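# Chains, contacts and geometry: an overview
As a plain string of letters, each chain reads:
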Amino acid sequence: MEIIHKENYQTSAWTGGVTRQVCILPQEGSRLEDRNFDVRVSSAVINTPESTFSDFAGFTRHILCLQGNITLCVDGQTVNLSNNNLFTFDGAANVTSHNSPGAVDLNVIHKKGIRVHAHVTQGENHFSAVGRMLVFAIGAETRVNSVELGQHDAAWVHGDVHINGHVLCVEI
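These lines cover the structure that appears in this document, whether it is placed above or below. (Residues numbered from 1 in each chain as written. Predicted model: local features only at pLDDT ≥ 70, side-chain atom pairs only at ≥ 80, totals over all residues. Heavy atoms only, no water.)

## Focus on the sheet that holds strand S8 (residues 77-80)
If you trace the 4 strands from one edge of the open sheet to the other, you get S5-S10-S7-S8, paired in antiparallel fashion. Pairing within the sheet leaves two strands with one partner each, and these edge strands are strand S5 (50-52) and S8. Each neighbouring strand pair of the sheet contributes to a mean axis angle of 20°, computed without reference to strand direction. Bridging between S5 and strand S10 (residues 95-99) involves 3 bridges; their strand directions are antiparallel. If you follow Ser51 over to S10, its bridge partner there is Ser97. (Pairing = 2+ DSSP bridges. Helix = DSSP H or I, 4+ residues; strand = E, 2+ residues; numbered from the N terminus. Axes fitted to C-alpha atoms, helices over the stretch in contact; angles between N-to-C directions.)

Okay, here's the thing in structure tokens:
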């Protein structure tokens, strides 16, 4: 198991706040700006009451709200985000958001055609014969294979995995 502490996430400023990149795959040579990645997991602190999402044509996006309130308008459809359910949409969609000050989201973006299964789980869960999975601790009390994760930390796992807590699992 490889643990990634939130303090070690790569951060970058954008017009509406700060983004913390949890991971980008492949690790070597992938850049958000070049759109040459297969999978990216990130979290953004949103400091503006409204924001417009970047165009990610050719990608699928999954998003949830970690803190505060975020309401999306996706091609005319209004969606209130929560930390219990991922909302999935096409990366080419026209998306704006209305946000409470300091709202925090969690994003999974993957190239179409790349097999990614992202899902939120709570409580005690066991996964067998996992190939490769990122576990992101949504809740404050999370254990992965008996190792405690801090809130908003992540861990790469494989094989038999036992999780206790509120997490986002991204199987790749």
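Further notes follow.
## Quick notes on the packing of aromatic side chains
Here the structure, examined in full by the defined rule, presents 5 aromatic pairs. Judged by centre distance (4.8 Å) and plane angle (35°), the rings of Phe37 and Phe59 are tilted. A residue pair is termed long-range when its members are at least 10 positions apart, and Phe37 in the loop between strand S3 (17-25) and strand S4 (39-46) and Phe59 in strand S6 (residues 59-67) qualify at 22 residues. Phe59 shares its class with Phe37; the two are buried. Ring centres of Phe53 and Phe89 lie 6.2 Å apart, and the angle between their planes is 65°; this geometry places the pair in the edge-to-face category. (Phe/Tyr/Trp six-rings, centres within 6.5 Å; stacked < 30°, edge-to-face > 60°. Buried < 20%, exposed > 50% of the residue type's maximum accessible area, 1.4 Å probe, protein only.)

## Describing the sheet that holds strand S2 (residues 10-14)
Read from one edge of the open sheet, 6 strands run S2-S3-S4-S11-S6-S9, paired in antiparallel fashion. Only two strands of the sheet have a single neighbouring strand rather than two, namely S2 and strand S9 (87-90). The mean angle between the axes of side-by-side strands here comes to 25°, regardless of whether they run parallel or antiparallel. Direction of pairing for S3 relative to S4: antiparallel, over a ladder of 8 bridges. Across the sheet, the residue bridging to Gly17 is Ile46, located in S4.

## A short note on the pattern of salt bridges
Overall, the coordinates contain 5 salt bridges when judged by the stated rule. The shortest N-O distance in the salt bridge between Asp90 and Lys112 comes to 2.4 Å. Of this pair, Asp90 sits in strand S9 while Lys112 sits in the loop between strand S11 (103-111) and strand S12 (117-121); the two residues are 22 residues apart in sequence, bridging distant segments of the chain. Classification of Asp90 as partly exposed rests on a relative accessible area of 32%. Across the pair Arg143 and Glu148 runs a salt bridge, and its minimum N-O distance is 3.5 Å. Looking at Arg143, the relative accessible area reads 38%, which means it is partly exposed. Exposure remark for Glu148: the relative accessible area of 54% places this residue in the exposed category. Sharing partners across several salt bridges, the network here consists of Arg31, Glu33 and Asp34. (Salt bridge = Lys/Arg side-chain N within 4 Å of Asp/Glu carboxyl O.)

## What to know about unusual backbone geometry
Leaving glycine out, the prevailing phi sign among residues is negative, and the prevailing peptide bond configuration is trans. Along the chain, Leu25 connects to Pro26 via a cis peptide bond; the corresponding omega equals -10°. Although it is not a glycine, Arg35 adopts a positive phi angle of roughly 55°. Note on placement: Arg35 falls in the loop between S3 and S4. Here Arg35 falls in the partly exposed class, since its relative accessible area comes to 30%. Even without a glycine there, the phi angle at Ala129 is positive, about 50°. In this structure, Ala129 sits in strand S13 (residues 124-137). The class of Ala129 is exposed, set by a relative accessible area of 67%.

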